[in-house]
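# Structural features, examined
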Amino acid sequence: MYCIFPTISVIFSLSLSLSLSLFSLSLSLSLSLSLCAGVCGQQAFRTEPRNLTVRTGATALLKCEVLRASGSVQWVKDGLLLGPQRSLPGHPRYSMTGDQDRGQYHLQIEDVRLEDDSPYECQVGRSKTSRPIVSRTVWLNVQIPPAEPYFEWDAGKPWVEGEEYTVTCIAPDAKPAADVLIYKDGDELTDIESFTESGSEDKLQNTHAEVKYRNVMIYIGLCLTALFLYLPPSLLLPLLLRYLSLGLAVSEVPPQAPVIEGLRSQEVKAGTSLRLVCLSYGGNPLATLHWTKNGEVLSTNWEVDVVSQKASSGLNMQVQPEDNGAVLCCESVNQVSRSPQSITRTLTVLFEPAEVTLLGSFEAVEGNQVTLCCHTSSSNPPVHIRWWLGFKELNNATVTISEGENGGMMTMSNLTYTVSREENSLPLTCEAFNRGTRYSSIKSQPLSVYYPPQKVWLDAPPEGTLLRSGTTVRLVCFSSGGNPTGRLTWMKNNKTVQVPSKHVESERGVSREFLLTLQPSDNLATYRCDATNEAKEIRSAQIKLLVQFPAVSVKILVKQKELRAGRSLSLDCLAGSSNPKANISWSLGSTRLNGVEQAPKRAEFGGLSVSSKLTLPLGSEHHGKRVSCQAFSSLLSEGVNTFYVLNVLFPPEFAEDQPSEVQIVEDDTATLPIMVSANPEDFTCEWLFHGEKVVKDRDHRYHFPEGWALEIWNVTRRDAGNYRVECSNAEGKRSSIIKLDVQYSPTVKMKTDPVFVNVGDTADLMCEADANPITPGMFSWKWMGEGEVEELGEQSEDGATGLLTLYEVTRAQAGPYQCTADNEIAPPGSVVGQLVVRFAPELQKGPQWRKVASRGDGSTDVDVLCQAEGVPRVTFTWAKNRVPLDFPNPRYLERTVREGAIHTSTLTVVNVSAALDYAIFTCTARNSQGEDNLDIQLLSTSYPDPPSDLKLLSVASDSVTLEWMPGFDGGLIQNFRVRYQWAESASYLYVDVFPPRSTVYTVTGLKPVTAYNFSVNAINSMGESSYADNGAKLTVTTLDAGVPLYAVAVLVGGLLLLLNAVGFFLFIRRWRRRKKKGKGRGLKGEDLKGEDLVSSSSRYASRERINASAQRTLLIDTSSDPDSSGSAYESYGGESSHYYYPTEAYSPALYPHPESPEEPGEESQRQPLCRRIYSSLRQSDKQQNVGWRGASDLDPTSSVYNSTAYRCRKDSDLPFELRGELV
């Protein structure tokens, strides 16, 4: 039969370039008995990782070796730290291998997969001794062979001879992309078009190879033969099944996979001869075989057996240690094999170490340690090292296993052992045993243990025995024990003494005799016998000899020829050589003196020469006296003494009780005495003051009553000072100073006046006193201002300066302070200084200061007040709607008034226009300490703002006293009304506050023990405000009526009378004090306000009670319309017993109305009054200070909005409905 389609054979050739870097590590082991305890120096890479290409399923090893590793070593994959543990938890196929002691941190990846294809780094972290290091980035390139290839063609219809068809061969999922070769009848087709596409996973690629073929008639047998020759069995199976149904036969097939015989185990001992046979069955034709080792061809010889259908190849090899880890591979292939089939075996060669080395010192002193090292060359498996001392195994060795040659391991065991004398001469053995080869090797050395002599003693006279010179003493030294026997040496004062006798050995040890004839030099000498051997530890025994002999002589040495007072006389008393030491004593007449004993000196015959030095300061009291020196030996009962007579010459000398200071009070008589002696006694004296001689002709107040004393009459402070008296004779001149201290009362002045300080800083007020004496606590301070101060400050003094320190100064501490100095000499002195506290301006910012109202019809003026308190002088600037005002404009006038620290700026807006002047006026007050500003709104007259801060002042059984803060009055006079109710009341009760503008009111006529709800609002002629605090109610419960009403009334009345009297007294006193201080200084606004309240309360209390029905009213209609206010209240005048006290400031409850008809011409009389008010205000603009000012000058509610100004505003032709319009 003929083939329907041509025979096509395809061979896929995948070129996988494996770049494996082989490292040959040449490790040199240096053994040392003293090992470095820590890492010394900067850590560095010995071996850095390199790029590696491996095939999937293999094992990859990225090498990293670190020198002097002190930080933590980690591997990084794709920027992710794998961890410092060598097992790398979380990554079961990853591990760090190698000898950590040698700095090996190799990354081993088993069963390499596509996911391992990534960049890697070896990192060493920072330590205390080294900075971190990072290796270069390397790539692990994972190569993956293609999956099973397959053909694609149009199998839906039969091929027709002569037609052209496209056959596509696909090699899927390869990395890198596979190269595809297509053969036809054994000939490679070249006209192939290839391209790649993405595979089933990232990094994998599919290779598509297309060929154009024109069909011809070929036998089917040839077609199938080509398929068998060039396609693997996995691809041939589906084709074979397809063509078996047609009864076709295949003649050529690939061989089976090869097998290796003769290798029972992969572990082979070195030196073994191996005979291996590689067999491959089947195949047509039979397979060709060849052997390789580690990729190198060993044998290409093979034999075929046609009968048994197999091919075989034998391999003979002598196993060497170098074959450890070698990979033996046998490959089989024939003409139809897609690729060679192979079988591999990895040899594990067990080999013994070539040598065993034992290092270290086998000699040691008892108690010391021997450090030994036993190491082997490379072996597989590593040997096990055991240590023996005699028949005793030592188990405290440290074993280190490292990589060796031929893939083996080197074993090193370090032993540190403390020896004892019992272990002397025992063999110390190192045994190396290889479990794989059953190999054993022994290295042994005897141990030598040295130990010092056990005991050394002397046969000599007892310690402390007194010996005489010339006596012969027998000294014998004995030594026992020790390995080896000790050597004996005699020493005198640490110097070797040559002894003629030799060592005498016995069973107990060794001895050596020393016969000594005592000499004076043997006194206090130490004789020592030293026993030593190779243990280098000296054992000694010693004795100190005492040899006695007497002193020789005693004498006094004096160097000075002439003795003068004021100088020191040095005397030396020398005692000759003696043993024991002589005792030296000094005396001056009958008085014993203490000399300075010098250190004994070794003298002739080995005795001690003792000396004593006496230094005697000479004075007039020493003249004619004798100095004696005595040396006495108690052992010999002998004493020697001598003496020296003193002849002292000295100039005049003042007595010890000569006064150095004379104190006298000014204007008294002062006497300066003099007491002097001299040798020779012929001397003269004279007085000096300020370098000039004191004689009576110079000042008639100088007198010399007797001897050389000085007397001064009528002493003044100018006479105070040092007076020098000089006396002289043949030996010289001497002088003495007598201080004349003239005492007088103090005069005081301020060091700085006034003292300026910023608020919150520390103020230092200092006063200086001219006084004598300057006594502790002589300064005192006193506050001279008004009122009392709780704490004056910290008072201190420094000599003639008194200091008052005020910390965190407040404005209340500004004022006069008096400094007084009193040194108990009358009279004390005083001075007054001023403390000026500087602070930034503080503007008044209450509700009544933030708004100003005017009708705005162009016919009236309005004053906008801005009041600030500050030091130093405060200046004001004004702005309207944030634009500075132009004061040359005649419509705006400004004047500033200063009263102490209070500065008031008044801005007068002339002919207020609603369109031009209703705005926000900004007042800015500033000085050197800072500034403050306030926005003041100028608007049309309106109903008032509600009060605020309603609170309870006191409560009784039938009354409640309330207080509140007034709000803006809307530019009109405002009154207040209190509303209250209780639980049983049918409606609210309303009470008009009286006096009308008072902010404190007492509601009376209440029931005891009853809860009341109170609220308050404000009313002016244009309407009323809402209730205080957003309509909140103040709930108060009255007290129980336990105290009689008349008793309370008497108590309250008495208290009011007392307060009025005290207030009046304080007012008169303050007025007089200020009047004394100077004309033109006014009172502060706060004081005037307080006085106004006191005077008002006095007038209130002194009025007669008259009936009035307007005090208490019941609200019927709450409308605030002025027209309806007449019917808004129900009068109780006929049945009420309440009274009110009329004043000139009273106004009706709802809206203002005149109490009596206006007289004709009243308007004309009132208008000049208004003009006088405004003209006076403009004139005061030119003055900086104003004399007396009332509360109306400082309180805007009583100056800008007082009744007179209101009447002036009200007198206008403008209709009423336009006056209250808001703009």
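Anything mentioned here points back to the structure above.
Presented here is a report on the structure given in the accompanying data block. What you are looking at is a predicted structure, and each value in this text was computed from that prediction instead of being measured.

A separate point is the nonpolar core. Core analysis: the largest hydrophobic core is formed by 27 residues, its most contacted members being W75, L107, I109, Y120 and L140. Listing elements by their share of this core, those giving two or more residues are β4 (52–55), β5 (60–62), β7 (73–77), β9 (94–97), β10 (106–109), β11 (119–124) and β13 (138–143). Dropping the residues within four chain positions of it, L107 is found in contact with A60, L61, L62, W75, L82, L88, Y94, S95 and Y120. Counting residues in each nonpolar core, the second largest holds 25 residues, with V862, C866, V909 and V912 among its members.

Let's shift gears to the environment of V449. Of note, V449 is situated in strand β40 (residues 448–450). For the pair V449 and F362, spaced 87 residues apart in sequence, the C-alpha separation works out to 8.5 Å. Setting aside residues no more than four positions away along its own chain, V449 makes contact with A364, E366, V419, S420, R421, E423, N424 and N483.

Turning to the pairing of strand β88 (residues 975–982), a few remarks are in order. In terms of residue burial, β88 counts as a mostly covered element, since eight of its eight residues are buried. Residues N975, R977, R979 and Q981 of β88 are buried on one face, and the alternating residues F976, V978, Y980 and W982, pointing to the opposite face, are buried as well. The pairing of β88 with strand β89 (residues 989–992) spans four bridges and is antiparallel. By the bridge assignment for β89, R979 is matched with Y990. Count of turn residues in the β88/β89 antiparallel hairpin: six residues.

A few words now on the state of the cysteines. Evaluation of the coordinates by the stated rule reveals eight disulfides. With a sulfur-sulfur separation of 2.0 Å, C477 is cross-linked through a disulfide to C529. Across the S-S bond linking C477 and C529, the dihedral sits near -80 degrees, which makes this disulfide left-handed. A residue pair is termed long-range when its members are at least 10 positions apart, and C477 in strand β43 (residues 472–480) and C529 in strand β48 (residues 526–532) qualify at 52 residues. For the residue pair C477 and C529, the accessibility class agrees, reading buried in each case. The partner cysteine of C866 in its disulfide is C923, sulfur to sulfur 2.0 Å.

Residues V1052, L1055, L1056, L1058, L1059, V1062, F1065 and L1066 make up a contiguous nonpolar surface patch of roughly 750 Å² in combined accessible area. Among the structural elements, V1052 can be located in helix α6 (residues 1045–1077). Residue V1052 is classed as partly exposed on the basis of its relative accessible area, which comes to 44%.

Right, let's get into the pairing of strand β37 (residues 409–418). For a regular strand, the rule is simple: side chains alternate between the two faces of the sheet. Strand direction decides the pairing type here: strand β33 (residues 369–376) and β37, joined by seven bridges, are antiparallel. The residue bridging C374 from the neighbouring strand is S413, located in β37. Of the strand pairs in this sheet, strand β36 (residues 398–403) and β37 are connected by six bridges, and their pairing is antiparallel. What sits directly across from S402, in β37, is M410.

Definitions and cut-offs
- Residues numbered from 1 in each chain as written.
- Predicted model: local features only at pLDDT ≥ 70, side-chain atom pairs only at ≥ 80, totals over all residues.
- Heavy atoms only, no water.
- Core = buried A, V, L, I, M, F, W, Y, C linked by side-chain atoms within 4.5 Å.
- Buried < 20%, exposed > 50% of the residue type's maximum accessible area, 1.4 Å probe, protein only.
- Helix = DSSP H or I, 4+ residues; strand = E, 2+ residues; numbered from the N terminus.
- Contact = heavy atoms within 4.5 Å.
- Pairing = 2+ DSSP bridges.
- Disulfide = S-S within 2.5 Å.
- Patch = residues over 30% accessible without salt bridge, like charges linked within 9 Å, V, L, I, M, F, W, Y side chains within 5 Å.
- Areas by Shrake-Rupley, 256 points an atom, 1.4 Å probe, with all protein chains shown as cover.
- Salt bridge = Lys/Arg side-chain N within 4 Å of Asp/Glu carboxyl O.

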